[in-house]
Structure formats: C-alpha cells, structure tokens
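Listed below, chain by chain, are the residues.
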Amino acid sequence: MGELPNDIDRAAIEEHAQRTVEQTALRKVRKTLDQIDRAEAVRRQTLRRVLVACALLAALAAWFFWGLVASGVDAPKHQAMKIPGALPQQR
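Note that the coordinates shown come from a computational prediction; the quantities given were computed from them, not determined experimentally.

**Examining the packing of aromatic side chains**
Working step 1: Following the criterion strictly, the structure yields 1 aromatic pair and no others.
Working step 2: A ring pair is formed by Phe64 and Phe65, whose centres lie 5.3 Å apart and whose planes are at 70 degrees; its orientation type is edge-to-face.
Working step 3: Residue class for Phe65 comes out partly exposed when judged on its relative accessible area of 49%.

Pasting the structure below:
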C-alpha cells in the first residue's frame, strides 16, 4: 500500500499537466482565430472602400460622358477636302 499514494500523486500530476497543455493549446487556437478574424475584418473594410471608390469613379465618368453627349458639343467639323478633277502637270 505504500505505492498507492505515489500512484495517486503521479496520476494527479499527469492529469494537471494534461489540463495545462490543453488550456495552452486552446489559448493558442483562440489567439490564432482572433488574428484571422481581425485580418478578415480588415480585408472586408478594404474591399468595401475599394468598391465605394470604384462606384464613385464610375458615377463621375458616367456624369462626365452624359454631360458631354447631352451638351451637343461634337468634335470640331473640318472643311471638306477639295479634290481637283485633274492633277496639275509638272514640267
């Protein structure tokens, strides 16, 4: 029976060590998941900003081209070229 308390102590120590290792592993996993969540949030925010900027640029371009078309201003019209009926003779 002298061996029994040692076995109980050893089992308690091993159980405590196992719990400590599991808690440490869980903390590491939680920390990694928190980092992933933060990275996802930053990515979503960046994507949202890029999409808003693209939408603004598209609206600005549409407004500009609509104004250009609606104003009636066309490209300058050039005079028609006069083509002579016969080429002058060179001497």
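From this point on, the discussion continues.
**Let's talk about the pattern of salt bridges**
Working step 1: In total, this model carries 3 salt bridges according to the counting rule given.
Working step 2: Note that Glu15 is salt-bridged to Arg19, the shortest N-O span being 3.1 Å. With Glu15 and Arg19 both in helix α1 (residues 3-70) and 4 residues apart, the pair spans about one turn of that helix.
Working step 3: Look at Glu15 and you get partly exposed, because its relative accessible area is 47%.
Working step 4: Between Glu40 and Arg43 there is a salt bridge, with its nearest N and O atoms 3.1 Å apart. Highlighted residues: Glu40 and Arg43, both in helix α1, separated by 3 residues, approximately one helical turn.
Working step 5: One network of salt bridges, in which partners are shared, links Glu40, Arg43 and Arg44.

Cut-off values and rules
- Numbering of residues starts from 1 in every chain and runs along the sequence as written.
- Since the coordinates come from a predicted model, pLDDT governs what is reported: local features require at least 70, and pairs of side-chain atoms require 80 or more to be given and counted, while whole-chain, interface and lining totals use all residues.
- Processing note: side-chain calculations cover all non-hydrogen atoms of the structure and skip hydrogens and water entirely.
- For this analysis, a ring pair means two rings from Phe, Tyr or Trp (six-membered ring only for Trp) whose centres lie within 6.5 Å, classed as stacked if their planes differ by under 30 degrees, edge-to-face if by over 60, and tilted for the remaining angles.
- With a 1.4 Å probe rolled over the protein chains alone, any residue whose accessible area is under 20% of its type maximum counts as buried; one over 50% counts as exposed, and the rest are partly exposed.
- Whenever Lys or Arg places a side-chain nitrogen within 4 Å of a carboxyl oxygen from Asp or Glu, that contact is recorded as a salt bridge.
- Helix and strand labels come from DSSP, where a helix needs a run of H or I of at least four residues and a strand needs a run of E of at least two; each type is numbered from the N terminus.

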